[in-house]
Amino acid sequence: MTEQRQLTEIQKIAASCIKRWGEDYKTQNFSGKLGRFVSQLGSNTDLGKVFLDLVRHYNYYSRERLDQLIVKFYSIITKELKLDEDFTIYSRIEDDSKIDSSNFFLEEFKVLNNISNHFSYDIEKLNIEDFDNIHNVIFIDDIIGSGKTVKRFFEKNKKKLLKVNCFIFCIEMLEEGKDYLENFFNTNEFKCKIICHNLHKKAFSESYIFCETCKDNEMLLRDFERTLWRKESNNILGYENSQAIVSFFRNTPNNTLSSFWFENTKWKGLFPRDDKRPAFKKIKKKSVPYNVKKMENSVNG
């Protein structure tokens, strides 16, 4: 592929992406950003073609697009499911102490749909008796990959959630994750319905983007991402091999192929993750050996 032909192809792909996504501050001059992203590969035209084919199927969600979907979700709740609002609460699937994208989606959901704060709660902070007067729990999330985080959360809160009808609304979900969770819910007798905007396949699934070349291209990108990380990593081809190709205006989930968000002095992803951390998180790991040593010295003294 000559440089001029590649430039023309990049412009066409960028234009089709903006047509699907809409344009915001992250996708302005997307043709230039895509060109610079691929140019980092130099003469590796095979991998460059793989990246361009992936971008053709990539999903980017601007805030405007997400807001439209969040309003649509509420319409499903009120007009299709017709849940009694007096006995319905909204929550998030908590994974750790960090206030993450799940919080943003829940807050945005409440604001856009004019839902009172009195109707949103962390499940873990409610008493089991509270669930005598709760019939429905609605969880709002952005993306579900393998489904393991959701499974852990339901196992942790099993006694409470077995007493209610659960509904999980998410923007993006991996097919394998949906199958995994539905089997888990059925086996453990949870009444849980999953509603997602886009149920996606892994990027290198057969009969999807690359068809007969899917395995060869998967290996090509896997080897490249190994060179980026310079070690074995759970993030190669997306966290736990999720192979997602999706970004949100606030961040790119680690489920996405890591070459699209990885960043160092030699490589800049097309949609880099914002992984900046406060000082207390940066020094935590370094301080552990020091504190252990200090404790040992105190005991020996």
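Worth saying up front: this structure is predicted, and the values here are computed from it rather than measured. (Residues numbered from 1 in each chain as written. Predicted model: local features only at pLDDT ≥ 70, side-chain atom pairs only at ≥ 80, totals over all residues. Heavy atoms only, no water.)

> What is the right way to read the side chain of arginine 92 from this model?
With respect to the helices and strands, the residue arginine 92 is situated in the loop between strand E2 (88–91) and helix H5 (101–112). Within polar-contact distance, the side chain of arginine 92 engages the side chain of asparagine 103 at 3.2 Å. (Helix = DSSP H or I, 4+ residues; strand = E, 2+ residues; numbered from the N terminus. Polar contact = N/O pair within 3.5 Å; in protein donor to acceptor, adjacent residues only side chain to side chain.)

> I'm lost on unusual backbone geometry in this one. Help?
Among all residues save glycine, negative phi is the norm, and among peptide bonds the norm is trans. Although it is not a glycine, asparagine 114 adopts a positive phi angle of roughly 55°. Among the secondary structure elements, asparagine 114 is positioned in the loop between H5 and strand E3 (136–144). The exposure class of asparagine 114 is exposed, given its relative accessible area of 73%. At leucine 237, a position not held by glycine, the phi torsion is positive, near 60°. Mapped onto the secondary structure, leucine 237 falls in the loop between helix H9 (214–229) and strand E6 (246–248). We classify leucine 237 as buried; its relative accessible area is 0%. (Buried < 20%, exposed > 50% of the residue type's maximum accessible area, 1.4 Å probe, protein only.)

> Honestly, the pattern of salt bridges in this entry has me stumped. Any pointers?
A side chain with one charge may pair with a side chain of the opposite charge, provided their charged atoms come close. A full pass over the atoms with the stated rule returns 18 salt bridges. When the shortest N-O distance is used, the salt bridge between aspartate 53 and lysine 49 registers 3.2 Å. In this pair, aspartate 53 and lysine 49 are both assigned in helix H3 (residues 45–56), four residues apart and thus about one turn of the helix distant. Exposure remark for aspartate 53: the relative accessible area of 15% places this residue in the buried category. Relative accessible area serves as the criterion here: at 48%, lysine 49 is assigned to the partly exposed category. Salt-bridge contacts for aspartate 53 lead to arginine 56; the nearest nitrogen and oxygen are separated by 2.5 Å. Taken together, the residues aspartate 53 and arginine 56, both in helix H3 and three residues apart, mark about one turn of the helix. Residue arginine 56 is classed as partly exposed on the basis of its relative accessible area of 33%. (Salt bridge = Lys/Arg side-chain N within 4 Å of Asp/Glu carboxyl O.)

> Is there a simple way to think about the nonpolar core in this case?
Soluble globular proteins tend to bury their nonpolar side chains together. Of all hydrophobic cores here, the largest spans 61 residues; its most connected members are Leu34, Phe51 and Leu54. When neighbours within four sequence positions are excluded, phenylalanine 51 is seen to be in contact with Phe37, Leu41, Leu221, Phe224, Ser259, Phe260 and Trp267. The next biggest cluster of nonpolar side chains, apart from the first, holds 24 residues, and it includes Phe131, Phe139, Val164 and Cys192. (Core = buried A, V, L, I, M, F, W, Y, C linked by side-chain atoms within 4.5 Å. Contact = heavy atoms within 4.5 Å.)

> I would appreciate a short explanation of the packing of aromatic side chains in the present structure.
A ring pair, where both rings are aromatic, is described by two values, the distance of the centres and the angle of the planes. In the structure shown here, the tally under the stated rule is 33 aromatic pairs. Geometrically, the ring pair formed by phenylalanine 153 and phenylalanine 154 is edge-to-face, given 6.1 Å between the ring centres and 75° between the ring planes. Among the residues examined, phenylalanine 154 registers a relative accessible area of 0% and is labelled buried. For arginine 250, the ring lying beneath its charged end belongs to phenylalanine 104, and the centroid distance is 4.8 Å. (Phe/Tyr/Trp six-rings, centres within 6.5 Å; stacked < 30°, edge-to-face > 60°. Lys NZ or Arg CZ within 6 Å of the ring centre and 35° of its normal.)

> In this structure, what is going on with helix H8 (residues 175–187)? I would like to understand it.
Because an α-helix packs 3.6 residues into every turn, residues spaced three or four apart end up facing the same way. The terminal C-alpha atoms of H8, which comprises 13 residues, lie 18 Å apart, in line with the 18 Å expected from a rise of 1.5 Å per residue. Listed in full, the buried residues belonging to H8 are Gly177, Lys178, Leu181, Phe184 and Phe185. Taken around the axis of H8, the buried residues stretch over an arc of 130°, which confines them to a single face. Turned more than 90 degrees away from the buried face of H8 sit Asp179, Asn183, Asn186 and Thr187, all of them exposed. Here the buried face of H8 lies against E3, helix H6 (148–156), strand E4 (165–174) and strand E5 (191–200). Looking at the residues trailing H8, positive phi occurs at glutamate 189, about 65°. (Expected span 1.5 Å × (residues − 1). Arc of directions from axis to C-beta.)

> Got a minute to help me understand the environment of arginine 56 in this structure?
Spatially, the C-alpha atoms of arginine 56 and isoleucine 209 are 9.2 Å apart, while their sequence positions differ by 153 residues. With residues near it in sequence (within four places) discarded, arginine 56 still touches Glu9, Ile13 and Arg20.

> In this structure, what is going on with the confidence of the model for the chain? I would like to understand it.
In low-pLDDT segments, the atomic positions of the prediction should not be examined closely. Within the chain, residue pLDDT values average 90, and 89% of them lie at 70 or more. Confidence over residues 290–301 falls short of pLDDT 50; this stretch has zero contacts with residues more than four positions distant or in other chains. (pLDDT = per-residue confidence, 0-100.)

> Is there a simple way to think about the sheet that holds E2 in this case?
Two orientations exist for strands paired in a sheet by backbone hydrogen bonds: parallel and antiparallel. Taken in spatial order, the four strands make up an open sheet running E2-E3-E4-E5, and their pairing is parallel. Of all the strands in the sheet, the pair left with one neighbour each is E2 and E5. The mean inter-strand angle of the sheet, taken between neighbouring strand axes irrespective of direction, is 20°. The pairing of E3 with E4 spans eight bridges and is parallel. In the sheet register, asparagine 136 faces E4, and the bridge partner there is asparagine 165. Contacts between H5 and the sheet are confined to E2, E3 and E4, with E3 contributing the most and set at about 125° to the helix. (Pairing = 2+ DSSP bridges. Axes fitted to C-alpha atoms, helices over the stretch in contact; angles between N-to-C directions.)

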